[in-house]
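The chain contents come next:
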Amino acid sequence: DIQMTQSPPVLSASVGDRVTLSCKASQNINKNLDWYQQKHGEAPKLLIYYTNNLQTGIPSRFSGSGSGTDYTLTISSLQPEDVATYYCYQYNSGYTFGAGTKLELK
Amino acid sequence: EVQLVESGGGLVQPGASLKLSCVASGFTFSDYWMSWVRQTPGKTMEWIGDIKYDGSYTNYAPSLKNRFTISRDNAKSTLYLQMSNVRSEDTATYYCTRGNWELDWGQGVMVTVSS
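About the cut-offs
- Residues numbered from 1 in each chain as written.
- Chains lettered and ligands numbered in written order.
- Predicted model: local features only at pLDDT ≥ 70, side-chain atom pairs only at ≥ 80, totals over all residues.
- Heavy atoms only, no water.
- Helix = DSSP H or I, 4+ residues; strand = E, 2+ residues; numbered from the N terminus.
- Buried < 20%, exposed > 50% of the residue type's maximum accessible area, 1.4 Å probe, protein only.
- Pairing = 2+ DSSP bridges.
- Axes fitted to C-alpha atoms, helices over the stretch in contact; angles between N-to-C directions.
- Disulfide = S-S within 2.5 Å.
- Phe/Tyr/Trp six-rings, centres within 6.5 Å; stacked < 30°, edge-to-face > 60°.
- Salt bridge = Lys/Arg side-chain N within 4 Å of Asp/Glu carboxyl O.

**Q** Which residues make up unusual backbone geometry, and what values do they have?
**A** Residues and elements named next belong to chain A. A cis amide bond links Ser7 with the next residue in sequence, Pro8, at an omega value of -10°. Here Pro8 shows up in the loop between β1 (4–7) and β2 (10–13). We note that Asn30 has phi near 55°; this positive angle belongs to a residue other than glycine. Within the secondary structure, Asn30 is located in the loop between β3 (19–25) and β4 (33–38). Take Asn30: its relative accessible area is 41%, and that puts it in the partly exposed class.

The following block contains the structure:
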């Protein structure tokens, strides 16, 4: 089974900060990775698909990158409404979620 | 707009059975693979399994294969998850999702296993 390790578990940042969340796979997942945002009490929502494709309706401050085993979600200028937990998800071999990064405002 | 509405959750005793439903709208249900994902109270996400668009093939997480069964009724645009011999560790919010990547999610339904 492919394991997905997200870091950091919790990230505190200020409005306007550039924020980077990391996701590392236990083996090459060939960019078969999505990012999901889950706000408190809500269902997850697709942000980025296939590593770097922005889902329709998602603000352009969100971007994704990566290859092989290492992937990144970047928020270029953090907004208050971005407070949420972010999950990476691989579908290259089986289907596995990371444990999430909880993003808080400082 | 894709809509997925789960139902059938609640409090259930250990060893009992429970069947969850998910009614889909806003897309042609019979064109899509569908899946179930659950989230534990500790927020861990786990893929449960999926079913082919015509219902002819199912696939499960190995740890759940013997107790969970996924089915669908394309005429009713409805996905099902039959859970049997439930355990306390099955306590979670269960989500219906469209596809196995680029997931669209329902709002989720809570299942609590407790005596």
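**Q** Could you give an account of the environment of Ser67(A), naming the residues involved and the relevant values?
**A** Residue and element names in this part refer to chain A. Looking at the secondary structure, you find Ser67 in strand β7 (residues 62–67). The exposure class of Ser67 is partly exposed, given its relative accessible area of 43%. In this structure, the C-alpha to C-alpha distance between Ser67 and Tyr87, residues 20 residues apart in sequence, is 17 Å.

**Q** Run through the sheet that holds strand β3 (residues 18–25) of chain B, naming residues and quoting values.
**A** Residues and elements named next belong to chain B. The antiparallel open sheet is built from four strands, whose spatial order is β1-β3-β8-β7. With partners counted over all chains shown, the strands left at the sheet margins are β1 (3–7) and β7 (68–73), one partner each. Sheet twist, expressed as the average angle between the axes of neighbouring strands with direction ignored, equals 20°. Pairing of β7 with strand β8 (residues 78–83), which is carried by six bridges, proceeds in the antiparallel orientation. If you follow Asp73 over to β8, its bridge partner there is Thr78.

**Q** Explain the state of the cysteines residue by residue, including any values.
**A** Residue and element names in this part refer to chain A. A full pass over the atoms with the stated rule returns two disulfides over all chains. Disulfide partner of Cys23: Cys88, at an S-S distance of 2.0 Å. Around the S-S axis, the bridge from Cys23 to Cys88 shows a dihedral of about 70° and counts as right-handed. Linking Cys23 in strand β3 with Cys88 in strand β9 (residues 84–90), this pair joins segments that are 65 residues apart in sequence. For the pair shown, Cys23 and Cys88 are each scored as buried.

**Q** How would you summarise the packing of aromatic side chains if you had to cite specific residues and measurements?
**A** All names here are of chain B. The full count for this structure, using the stated rule, is 13 aromatic pairs over all chains. Aromatic pair Phe27 and Tyr32: ring centres 5.3 Å apart, planes at 90°, arrangement edge-to-face. When its relative accessible area of 32% is taken as the criterion, Tyr32 is described as partly exposed. Aromatic pair Trp33 and Tyr57: ring centres 5.9 Å apart, planes at 65°, arrangement edge-to-face. One end of the pair, Trp33, is in the loop between β3 and β4 (34–39); the other, Tyr57, is in the loop between β5 (45–51) and β6 (58–60), with 24 residues separating them in the sequence.

**Q** Quick rundown of the pattern of salt bridges? Include the residues and the values.
**A** Oppositely charged side chains can pair when the atoms bearing their charge come close. Residues and elements named next belong to chain B. In the structure shown here, the tally under the stated rule is seven salt bridges over all chains. Ionic pairing is found between Arg38 and Glu46, a salt bridge with its closest N-O pair at 2.8 Å. Since its relative accessible area comes to 6%, Arg38 is described here as buried. Glu46 sits in the partly exposed class, given a relative accessible area of 23%. Note that Asp90 and Arg38 form a salt bridge whose closest N and O atoms lie 2.9 Å from each other. Taken as a pair, Asp90 in the loop between β8 and β9 (92–98) and Arg38 in strand β4 lie far apart in primary sequence, 52 residues in all. Judged by relative accessible area, which is 0%, Asp90 ranks as buried. Salt bridges sharing common partners tie together Arg38, Glu46, Arg67 and Asp90.

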